[in-house]
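Structural characterization, general
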Amino acid sequence: MASARGMTSNADDGRGRPLHRSFVLHGFILAMLVIYAAPIIGVILTSVMTNSEIAARGVWHIPESAALQNFADVWNDTPTPRYLVNSFMVTIPATFLSVLGGVMLGYVFSQFKFPFAELLFLVVIAGMFFPPQAMLIPLFRMFNSPMEIFGFQVLPALYDTVYPMILIHMSIGLAITTLLMRNFMSALPSGLREAAIVDGAGEWSVLFRIIVPLSLPALAVLATLQFTWIWNDFLWPLVLTRSEEAKTIMAGISALQGQYNVAWANQAAMAVIASIPTIVIFIAFQRYFIAGLTMGSVKE
Amino acid sequence: MTRGSRISLFLMAAGPLAFFAIFVLWPLAQSMWYSVTKWNGLSDPVFIGLDNFARALSDPNFIRSFENTAIWLVVAVTVPTIVGLLLAVLLDRPLRGSRLYKSAFYLPITLSLVVVGQVWTWIYQPDWGLINSVLTAVGLEDMTRAWLGDPDTALIAVILAWSWQQTALALILYLAALTTVPQDLIEAAAIDGANARQQFTRIIVPLLRPASVVVITLAVINTLKGFDIVFVLTKGGPFHMSSNLAMFMYEETFFKYRLGYGAAIATALFLLAIIVVVVYFRQARASERLYG
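Note that the coordinates shown come from a computational prediction; the quantities given were computed from them, not determined experimentally. (Residues numbered from 1 in each chain as written. Chains lettered and ligands numbered in written order. Predicted model: local features only at pLDDT ≥ 70, side-chain atom pairs only at ≥ 80, totals over all residues.)

1. As for the overall build of chain B
As a reminder, the rule being used: Put simply, DSSP H or I for four residues or longer makes a helix, DSSP E for two residues or longer makes a strand, and each gets a number counted from the N terminus. With C-beta atoms placed from the backbone, a residue counts as buried when 20 or more other C-beta atoms lie within 10 Å of its own, as exposed when 12 or fewer do, and as partly exposed for counts between those limits. Residues are scored as being in contact if the C-beta atoms we place from backbone atoms lie within 7 Å.
Helix and strand content of chain B: 13 helices and two strands. Viewed in the frame of its principal axes, chain B has a C-alpha envelope of about 75 × 75 × 30 Å. Burial statistics for chain B: of 292 residues in total, 46% are counted as buried. Counting contacts in chain B only where the partners sit at least 6 residues apart, residues at least 24 apart contribute 68% of the total.

Here it is in structure tokens:
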């Protein structure tokens, strides 16, 4: 990251920059800090207040008693634990599978030339830009009916289970994972594969024994990004689930918003709970996360 | 290459590509077919040519949603770019506490838009929301209103909540790009007498052009996809005043069961996205040539 390198410092500071200008700049930063911190502080304050306190005094004050009661209530009286389990059941396999697919495609696209390779690659990575709305109706229909191949039912209708979300996120995720893995693997020293092949290794063992262990930074980037995006997704669970048994946490929040319209404190507690996994991932893997955002978008 | 190698590679590529074809490309193609049909989801789709598209052009709710998307795009290409860039340049120096500042700005991008929507309810809430509280405190009670329920302010309120997260994303991308700006270039300019503003407009902004292309592209794409925040905050209301194309598509499809019409709107969104992709790839190519 841009760890304090003092990009413009030598020109500005110490050269007698007018004081008022410095005020304006710091004022701007401060104003932005308030805009960024205020709503989050509001939610956190609310999550430890009682509903009667909110009704009487609003939320913009120091809580009378910082209580974790709302968290206990949300945990015990709403399907929040179930929602969280569902979110993990979608996010972990979909993240893993999309990264695995990206590793395989990235290897093929980075190491070999074959007819239409360039075109295929472009089609896959263009998937990053497809609005999900453009796939929404057919996928909704697909998962509402049993899956048949040549007239034989191979799968029951998967609507209102977590599986459609896994399949969809894994498939759409291939766009970014393939892009990053191809770019990363193209930059590895050439000849790694040839040497191993000469020694009698097959393609699968070249990929998983040699290339993948060298690609760990790229894998960390992708896992972090994919986890965050899939965890935070709302549209697919909204469309593809109906019951509490299948809803993810984001769909659950939205559903409860309608039901408990007044229970602000509980809503706030739920929003905090729902955000913890991605915040933890972000703090733990911040470096990879930011590298991923830049790599994924900057390099073609 | 040996025969075994070929088979392995074919399987390696065919597996993931099959998933991509079944769950991305095939549905995309089906959407295009549905967009030229009349279909309520129960009976079979009936081919009606381009009627859905003609109907959209005379549907005031579509036109409203389209205009709102256009307004949204204007904000999307300006606010995150300008605010994000300024903030990044200001934070990219030894400022006391800049690490802490940065964390405050990073946090929003880890949040789901569902949560962002909730978070902004705390700002807009009519009784005790932050804006109305502040207005009341400074004696401007006349200006308080239900920001999300008022037809005059609903759209801009939704767009601002969305921009809050998008600007944080722009900030991160710009901060990362700033690490690639060669230090000696700026020092040389400073020695030649360039002041801070000149350094900013003549050196930093042009060098960050590739990052700007990315920031703007992401903002445009996220605008087209933008559904979550509208759904959570207003569901497009009141009276479609804060609806956009993604929300309108959902409404027609899942509230009104006009699946053919919904597919037509989805196809329009897809075509808009494709335009963005083409422009982006050309820009990316151009800047790669420029900056090696």
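2. Observations concerning the overall build of chain A
Within chain A one finds 14 helices and two strands. Considering only intrachain contacts with a sequence separation of at least 6, the fraction spanning at least 24 residues in chain A is 74%.

3. Concerning the packing of helix 8 (residues 163–186) of chain A against helix 1 (residues 3–34) of chain B
For the record, the criterion: Axis definition: a line fitted to C-alpha atoms, limited for helices to the stretch in contact. Angles are taken between N-to-C directions and run from 0 to 180 degrees. Roughly parallel means an angle under 35 degrees; roughly antiparallel, over 145; roughly perpendicular, 65 to 115; everything else is oblique. Here a crossing is taken to be left-handed if its near helix is turned anticlockwise relative to the far helix by less than a right angle, and right-handed if that turn runs clockwise.
The contact between helix 8 of chain A and helix 1 of chain B brings their axes to 9 Å, and the two run at 110 degrees. Judged by the angle between their axes, helix 8 of chain A and helix 1 of chain B are roughly perpendicular. Where helix 8 of chain A crosses over helix 1 of chain B, the handedness of that crossing is left-handed. In this structure, helix 8 of chain A contributes A:L167, A:I168, A:M170, A:S171, A:I172 and A:L174 to the contact, and helix 1 of chain B contributes B:P16, B:F19, B:F20, B:F23 and B:V24.

4. A look at the environment of B:T81
Residues and elements named next belong to chain B. In this fold, T81 is placed in helix 3 (residues 60–91). Separated by 31 residues in sequence, T81 and L50 have C-alpha atoms that sit 37 Å apart. Not counting chain neighbours up to four residues away, the residues in contact with T81 comprise A170, S212, V215 and I216.

5. Quick word on the interface of chain A and chain B
Filter applied, for reference: Residues are sorted three ways: Asp, Glu, Lys and Arg are charged, Ala, Val, Leu, Ile, Met, Phe, Trp, Tyr, Cys and Pro are nonpolar, and all the rest, Gly among them, are polar.
With 76 residues of chain A at the interface, the matching set in chain B holds 81 residues. Grouping the constituent residues of the side of chain A that touches chain B by class yields 52 nonpolar, 20 polar and four charged.

6. Notes on the pairing of strand 2 (residues 152–155) of chain A
All names here are of chain A. Test applied: Between any two strands, at least two bridges found by DSSP are needed for them to pair.
Across three bridges, the pairing between strand 1 (residues 147–149) and strand 2 is antiparallel. Bridge pairing links M147 to L155 in strand 2. Hairpin connection between strand 1 and strand 2: a loop of two residues separates the two successive antiparallel strands, and F150 in this loop has a positive phi of roughly 50 degrees.

7. What to know about the nonpolar core
Using the following cut-off: Take the buried Ala, Val, Leu, Ile, Met, Phe, Trp, Tyr and Cys residues, join any whose C-beta atoms are within 7 Å, and the set you get is a nonpolar core.
Core analysis: the biggest nonpolar cluster contains 174 residues, and B:V158, B:I172, B:L173, B:Y174, B:I265 and B:L269 have the highest contact counts within it. Setting aside residues up to four positions removed in sequence, B:I265 forms contacts with B:A56, B:L245, B:F248, B:M249 and B:E252.

8. What about helix 10 (residues 209–225) of chain B?
Selection rule: For a helix, the expected span equals 1.5 Å multiplied by the residue count minus one.
Between its first and last C-alpha, helix 10 of chain B extends 24 Å over 17 residues, near the 24 Å set by a 1.5 Å rise per residue. When you tally the buried positions in helix 10 of chain B, you get 14 out of 17 residues, the bulk of the element.

9. Notes on the environment of A:L174
Looking at the element boundaries, A:L174 is found in helix 8. A sequence separation of 57 residues divides A:L174 from A:W231, and the C-alpha atoms of the two residues are 16 Å apart. In this structure, A:L174 is in contact with A:S98, A:G101, A:G102, A:L105, A:V124, A:G127, B:P16 and B:F20, ignoring residues within four places of it in sequence.

10. Here we look at the confidence of the model for chain B
Basically, it comes down to this: By definition, pLDDT measures how confident the predictor is in each residue, and it falls between 0 and 100.
The predicted model of chain B has a mean per-residue pLDDT of 90, with 97% of residues at 70 or higher. Across the interfaces of the predicted complex, the ipTM metric reaches 0.91, alongside a pTM of 0.90.

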